[in-house]
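Structure at a glance
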Amino acid sequence: MKHPSLENLARLYGVNATYVDAWGKRHATSTEALVRALQLLGAGIRNAGDAPEALRRRRQECWREMLEPVYVAWQGSPAAVPVRLPDEHSCDRWRWRLEFEAGDNVEASGHAESLPVRRRREVEGVGYSVRLLDLPRDLPCGYHRLLFEIGEGQAEALVIVAPRRFYAKTPTERQRLWGVFLPLYALHRASSWGAGDFSDLEALIEWTAAQGGSLVATLPLLATLWELTDDPSPYHPATRLFWNEFYLDPRQIPEFESCAAARDLVGTLDEQTRSGERRRGPLIDYAGQMRF
């Protein structure tokens, strides 16, 4: 049974209502799967019947967000950031500041009517326009923070500036490189609690470089919905936007030193590891390690 509102709601949350399998055959995502996915994403629905009202709310939320969370710009090319503005701000003065990863920043200001309009839309009786905010052309590569203000409204976004080409050598200048590959969960040191983590990966990178190696490769490290499944496959990620918390080393988290409870727990685990109480078996205890 088709649910157009549910499918449109899924699209606004980035959930596909159809998918193509390994044999090239297209399938429709089940209503139950769409509802459950949207519930996990905070859509506030109990069943497909709630989709029309949730769709109305989501459309309003999307247009009220002046900036998307992330924008990508290419080094050496013009960069224009779309900004959504309600008509009530059409005559207001705007100001933006771009804080570069290196620490310096650049600013600009002007009036809303000076920004070129990409498109207009009316949502629930409120008029909106998408206007283009021009950024400097010669932005350095890196992860930069864009702050935008207009009237009483404020928004911020991450601007990722990427080079168009990473490898600049010609084929005749290429040289053979070597490195190592292994799954991160299989990388163990004497201090490991049962599986490798990002600190172990850092140590392997440093060791490989010291031996003259040029690369270290591993399996995907993407986030998993541990609440729904204990399937540890790196090829069944919940999202491509986040790392898998399974591989975090809590000792490297900035807030670790200020949390006595966390320090006590880690101290207990370290002692169990040194004494041999926490012995590594032939298989990884994913559920057990996630509990810690």
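Look up a bit, the structure's there.
The shown structure was predicted, so the numbers you read here are calculated from the model rather than taken from an experiment.

Quick look at the pattern of salt bridges now. Going through the model one piece at a time under the given rule, you end up with twelve salt bridges. Among the ionic pairs, Arg84 bridges to Glu68, the shortest N-O distance being 3.0 Å. Pair noted here: Arg84 is in strand S4 (residues 79-86) and Glu68 is in the loop between helix H3 (51-64) and strand S3 (70-74), with a separation of 16 residues, a long-range link. One salt bridge connects Arg251 with Asp249, and the closest N-O pair in it is separated by 2.9 Å. Given the relative accessible area of 8%, Asp249 is considered buried. Taken together, the shared-partner salt bridges in this structure form one network comprising Arg97, Glu99, Arg145 and Glu156.

All right, on to the nonpolar core then. Judged by nonpolar contacts, the single largest core of 24 residues is most densely connected at Leu67, Trp96, Leu135, Leu146 and Phe148. At the level of elements, S3, S4, strand S5 (93-99), strand S8 (126-135), strand S9 (142-150) and strand S10 (153-162) are the ones that each hand at least two residues to this core. Beyond its immediate sequence surroundings of up to four residues, Trp96 is in contact with Val106, Glu107, Ala108, Leu133, Asp134, Leu135, Pro136, Leu146, Leu147 and Phe148. If you look at the next biggest cluster of nonpolar residues, it comprises 15 residues, including Leu6, Leu38, Ala54 and Leu55.

With that out of the way, let us pick up a positive patch on the surface. A surface patch of like charges, here positive, comprises Arg11, Arg59, Arg118, Arg119 and Arg121. In terms of residue count, strand S7 (residues 117-123) provides more of the positive patch than any other element does, three residues in total. Here Arg121 lies in strand S7.

The next subject is the packing of aromatic side chains. Taken as a whole and assessed by the stated rule, the structure comprises three aromatic pairs. When the ring of Trp63 is compared with that of Tyr128, the centres are 5.6 Å apart and the planes differ by 45 degrees; the resulting orientation is tilted. Taken together, the positions of Trp63 in helix H3 and Tyr128 in strand S8 put the pair 65 residues apart, joining distant regions of the chain. Since its relative accessible area comes to 7%, Trp63 is described here as buried. Consider the rings of Phe198 and Tyr247, whose centres lie 6.2 Å apart with planes at 55 degrees: the pair is tilted. Placement of the pair is Phe198 in helix H4 (residues 198-210) and Tyr247 in the loop between strand S12 (215-217) and helix H5 (260-275), with a sequence separation of 49 residues. The partly exposed category is assigned to Phe198, whose relative accessible area is 24%. For Tyr247, a relative accessible area of 6% corresponds to the buried category. By way of ring pairs, the aromatic residues Phe198, Phe246 and Tyr247 are connected into one cluster. The ring of Tyr13 is capped by Arg58, whose NZ or CZ atom sits 4.2 Å from the centre of that ring.

Thresholds applied
- Residues numbered from 1 in each chain as written.
- Predicted model: local features only at pLDDT ≥ 70, side-chain atom pairs only at ≥ 80, totals over all residues.
- Heavy atoms only, no water.
- Salt bridge = Lys/Arg side-chain N within 4 Å of Asp/Glu carboxyl O.
- Helix = DSSP H or I, 4+ residues; strand = E, 2+ residues; numbered from the N terminus.
- Buried < 20%, exposed > 50% of the residue type's maximum accessible area, 1.4 Å probe, protein only.
- Core = buried A, V, L, I, M, F, W, Y, C linked by side-chain atoms within 4.5 Å.
- Contact = heavy atoms within 4.5 Å.
- Patch = residues over 30% accessible without salt bridge, like charges linked within 9 Å, V, L, I, M, F, W, Y side chains within 5 Å.
- Areas by Shrake-Rupley, 256 points an atom, 1.4 Å probe, with all protein chains shown as cover.
- Lys, Arg positive; Asp, Glu negative; His and termini not counted.
- Charge placed at Lys NZ, Arg CZ, Asp CG, Glu CD.
- Phe/Tyr/Trp six-rings, centres within 6.5 Å; stacked < 30°, edge-to-face > 60°.
- Lys NZ or Arg CZ within 6 Å of the ring centre and 35° of its normal.

The values are spatial; any link to function lies outside them.
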